[in-house]
Amino acid sequence: GLNFIDLMVRQGNIDNPPKTPLVPGFECSGIVEALGDSVKGFEIGDRVMAFVNYSAWAEVVCTAVEFVYKIPDDMNFSEAAAFPMNFVTAYMMLFEVANLREGMSVLVHSAGGGVGQAVAQLCSTIPNVTVFGTASSFKHEAIRNSVTHLFDRNADYVQEVKRISADGVDIVLDCLCGENTGKGLSLLKPLGTYILYGSSNMVTGETKSFFSFAKSWWQVEKVNPIKLYEENKVIAGFSLLNLLFKQNRGGLIKGVMDKLLNLYNSKKIKPVVDSLWALEEVKEAMQRIHDRGNIGKLILDVEKAPTPLMANDSTETSEAGEEEEDHEGDNENKERMPFIQ
């Protein structure tokens, strides 16, 4: 699975990034090839998905058994690689941190992304939950049915939300940070919960920029503790990777995964896969996330051959792994078009 956190790792916008060279990636799916001596509950040949503390973008991955889960029979490997990070993050924020219940309202940014789509699906499992979403305008047609109210990410969504719900919302899920922090807090109802789970506004260019990094933090409204208690508002943060790998909550996450897989088997949730990419195409895949062009999750497929280069104005996509003759001197102004699910 390819996540926005991978872009932050690449640019060094995380605490204590590992030294290079390193293999990125935090989730994967595959077939068990070998077991540790004390491992129980799995056999060689099992289809599994797993969390990994880096090194998921590899042909062979090793991780602790507590981070590994069997794949349901009717889930394919692409869906399995798209499942753990997005759905566990969405479930933990909605139900463990914010205590989502019937009749509540939720505002989620980047509604077309992997976590955004997981949030929308999980909200639909609770009666009468209103979902407000922001997304780039070109995604609206594809995701309009997944949320109750959809706004352009560059529009004044605060006024739009208040026009529909004068009191605001019960839960705000913010993966953007920057100026959106103050906006999110201003939209909270009394006893509402604002959750920061990312800071994608800090990833603005191809390289780490101190000025773009600083600008994002300067835009964050200072939180006054006195004001919080006077207004009866909750502000929280959530990092799934820290919970798993630094705070040793693998047992808690396993319980959440069991609930999520039950929802999947009941056909109430289903991971949305945007596109499949060969490992050689990781640069183009990361650029697609950087440009916020994806609807759902991007997957790096170790068995996929690179997609042939195609002209920029082509509207066709090639089949995964299909080979095409590449004429010399023919490669100017061309780009790879991924196989779209």
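Refer to the structure presented above.
Residues numbered from 1 in each chain as written. Predicted model: local features only at pLDDT ≥ 70, side-chain atom pairs only at ≥ 80, totals over all residues. Heavy atoms only, no water.

**Let's talk about empty space enclosed by the protein**
If a probe the size of a water molecule is rolled over the atoms, the empty space left behind becomes visible.
Working step 1: Applying the stated criterion across every chain yields a total of one cavity of 30 Å³ or more.
Working step 2: Taken as a whole, the largest cavity holds about 40 Å³ of empty space.
Working step 3: Along the walls of the largest cavity sit Ala82, Asn86, Phe87, Gly114, Gln117, Ala118, Gln121, Pro271, Val272, Gly296 and Lys297, which together make up its complete lining.
Working step 4: Among the elements of the structure, helix H3 (84–97) and helix H4 (114–123) are those that each provide at least two residues to the lining of the largest cavity.
Working step 5: Sorting elements by how many residues they give to the lining of the largest cavity places H4 first, with four residues. (1 Å grid on protein atoms, 1.4 Å probe; cavity = no way out; pocket = protein on both sides within 12 Å on 5 of 7 lines; lining within 4 Å. Points joined across faces, edges and corners; volume = space filled by probe spheres on them. Helix = DSSP H or I, 4+ residues; strand = E, 2+ residues; numbered from the N terminus.)

**Topic: the pattern of salt bridges**
Working step 1: Taken as a whole and judged by the stated rule, the model has 10 salt bridges.
Working step 2: Across the pair lysine 254 and aspartate 258 runs a salt bridge, and its minimum N-O distance is 3.7 Å. Of this pair, lysine 254 and aspartate 258 both sit in helix H11 (residues 250–265), four residues apart, roughly one helical turn.
Working step 3: Judged by its relative accessible area of 41%, lysine 254 is partly exposed. (Salt bridge = Lys/Arg side-chain N within 4 Å of Asp/Glu carboxyl O. Buried < 20%, exposed > 50% of the residue type's maximum accessible area, 1.4 Å probe, protein only.)

**Structural notes on the packing of H3 against H11**
Working step 1: Two elements in contact, H3 and H11, have axes separated by 10 Å at closest approach and are oriented at 100°. Considering their axes alone, H3 and H11 lie roughly perpendicular with respect to each other. Contact residues: Pro84, Phe87, Val88, Tyr91, Met92 and Glu96 in H3; Leu252, Ile253, Val256, Met257, Lys259 and Leu260 in H11. (Axes fitted to C-alpha atoms, helices over the stretch in contact; angles between N-to-C directions. Parallel < 35°, antiparallel > 145°, perpendicular 65-115°, else oblique. Contact = heavy atoms within 4.5 Å.)

**Some remarks on the side chain of lysine 233**
Working step 1: With respect to the element layout, lysine 233 can be found in the loop between helix H9 (225–231) and strand E9 (234–237).
Working step 2: Reaching out from lysine 233, the side chain makes a polar contact with the backbone oxygen of leucine 185 at a distance of 2.7 Å.
Working step 3: Within the local environment of lysine 233, its side chain forms a polar contact with the side chain of glutamate 231, the two groups lying 3.3 Å apart.
Working step 4: Residues contacting lysine 233, with those up to four places away along its chain left out, are Leu185, Ser186, Leu188, Lys189, Gly192 and Leu228. (Polar contact = N/O pair within 3.5 Å; in protein donor to acceptor, adjacent residues only side chain to side chain.)

**Notes on the layout of surface pockets**
Working step 1: Here the second largest pocket defines a volume of roughly 1000 Å³.
Working step 2: For the second largest pocket, the lining is made up of 36 residues, of which Cys28, Ser29, Gly30, Ile31 and Val61 are closest to its centre.
Working step 3: Contributions of two or more residues to the lining of the second largest pocket are made by strand E1 (27–31), strand E2 (47–51), helix H2 (77–82) and strand E11 (297–300).
Working step 4: Sort the elements by how many residues they give to the lining of the second largest pocket and E1 lands first, with five residues.
Working step 5: Residues that form the lining of the second largest pocket fall into these classes: 25 nonpolar, six polar and five charged. (Nonpolar A, V, L, I, M, F, W, Y, C, P; charged D, E, K, R; others polar.)

**A closer look at H3**
Working step 1: Where burial is concerned, most of H3 is hidden: 12 out of the 14 residues are buried.
Working step 2: Considered for burial, the residues of H3 that qualify are Pro84, Met85, Asn86, Phe87, Val88, Thr89, Ala90, Tyr91, Met92, Met93, Leu94 and Phe95.
Working step 3: A positive backbone phi angle near 55° is found at asparagine 99, which sits one or two residues after H3.

**Thoughts on the environment of arginine 144**
Working step 1: By secondary structure assignment, the location of arginine 144 is in the loop between helix H5 (140–143) and strand E6 (149–152).
Working step 2: Accessibility expressed as a relative area gives 42% for arginine 144, which makes it partly exposed.
Working step 3: Each C-alpha atom, one on arginine 144 and one on glycine 112, is 9.4 Å from the other, the two residues being 32 residues apart in sequence.

**A few points about the pairing of strand E8 (residues 188–196)**
Working step 1: Sheet topology places strand E7 (residues 169–174) next to E8; five bridges connect them, and they run parallel. In the strand pairing of E8, valine 169 is matched with leucine 188.
Working step 2: Viewed along the sheet, the connection from E7 through helix H7 (residues 180–187) into E8 turns out right-handed.
Working step 3: Bridge analysis of E8 against E9 gives four bridges, and the strand direction is parallel. (Pairing = 2+ DSSP bridges. Right-handed = clockwise from strand over helix to strand, strands pointing away.)

**Brief notes about the nonpolar core**
Working step 1: Counting 59 residues, the largest nonpolar core has Phe51, Phe83, Leu122, Leu173, Ile253 and Leu260 as the members making the most contacts within it.
Working step 2: For this core, the secondary-structure elements that each account for two or more residues are E2, H3, strand E4 (105–108), H4, strand E5 (130–135), E7, helix H10 (240–245) and H11.
Working step 3: For this core, the leading source of residues is H3, giving nine residues.
Working step 4: Beyond its immediate stretch of four places on either side in the chain, leucine 173 contacts Met93, Leu94, Val106, Leu107, Val108, His109, Val119, Ile195 and Tyr197.
Working step 5: Membership of the second largest hydrophobic core comes to 17 residues, among which are Leu7, Phe42, Val68 and Leu298. (Core = buried A, V, L, I, M, F, W, Y, C linked by side-chain atoms within 4.5 Å.)

That's the geometry; what it means functionally is another story.
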